[in-house]
Amino acid sequence: MAEEKRTRRANGESAIYLGKDGRWHARVPMGYKDDGTPYRRHLTRPTRKDLVDEVRRLEKAAGRRFRAPARQAVDSGEVA
């Protein structure tokens, strides 16, 4: 029998998993810190439904103020 191919989540997507403690955990990307590293919120809830509701609320809030890290310009040394 052919197994289903597992796919990976894209960068910036939330991760939801059941922890060893029996609670549901989520990592929700909220944007970037001033130094360019990602800022992630960690949530725990007793049920998956409660966690998914909270993750959706946070993702919606992050979408309004999500900003990519500033990129530095590279000087090629050419003079126009």
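Details of the structure are given in the entry above.
Residues numbered from 1 in each chain as written. Predicted model: local features only at pLDDT ≥ 70, side-chain atom pairs only at ≥ 80, totals over all residues. Heavy atoms only, no water.

A. Summary view of the overall build of the protein chain. A tally of helices and strands in the protein chain yields one helix and three strands. Ordered by position in the sequence, the α and β elements of the protein chain form the string β-β-β-α. Across the 80 residues that make up the protein chain, the buried fraction comes to 21%. Of all intrachain contacts in the protein chain linking residues separated by at least 6 positions in sequence, the fraction that spans at least 24 positions is 33%. (Helix = DSSP H or I, 4+ residues; strand = E, 2+ residues; numbered from the N terminus. Buried < 20%, exposed > 50% of the residue type's maximum accessible area, 1.4 Å probe, protein only. Contact = heavy atoms within 4.5 Å.)

B. Layout of the nonpolar core. Membership of the largest hydrophobic core is limited to nine residues, which are Trp24, Ala26, Val28, Met30, Leu43, Leu51, Val55, Leu58 and Ala62. Of all the secondary-structure elements, those providing two or more residues to this core are β2 (24-32) and α1 (48-65). (Core = buried A, V, L, I, M, F, W, Y, C linked by side-chain atoms within 4.5 Å.)

C. Summary view of the pairing of strand β1 (residues 15-18). Judged from the four bridges that link them, β1 and β2 form a sheet pairing that is antiparallel. Bridge pairing in β2 places Ile16 opposite Ala26. Connecting the antiparallel pair β1 and β2 is a turn made up of five residues, with Gly22 showing a positive phi of about 90 degrees. (Pairing = 2+ DSSP bridges.)

D. Broad picture of the sheet that holds β2. The strand order across the open sheet formed by three strands is β1-β2-β3, and the pairing between neighbours is antiparallel. A single partner strand is all that each edge strand has here, and the edge strands are β1 and β3 (38-45). On average, adjacent strands in this sheet sit at an angle of 20 degrees to one another, irrespective of strand direction. (Axes fitted to C-alpha atoms, helices over the stretch in contact; angles between N-to-C directions.)

E. Fine view of the pairing of β2. Along β2, seven of the nine residues are buried, which leaves the element largely enclosed by surrounding structure. In the sheet, β2 pairs with β3 via eight bridges, with the strands oriented antiparallel. Opposite Val28, over in β3, you have Arg41 as the bridge partner. Once β2 ends, the chain turns through five residues before running back antiparallel as β3, passing Gly36 with a positive phi of about 95 degrees.

F. Looking closely at the environment of Gly12. Tracing the backbone shows Gly12 in the segment before β1. We classify Gly12 as exposed; its relative accessible area is 57%. Each C-alpha atom, one on Gly12 and one on Val28, is 8.2 Å from the other, the two residues being 16 residues apart in sequence.

G. Broad picture of the side chain of Glu54. On the secondary structure map, Glu54 appears in helix α1. Note on Glu54: relative accessible area 16%, which makes it buried. Dropping the residues within four chain positions of it, Glu54 is found in contact with Leu43 and Arg45.

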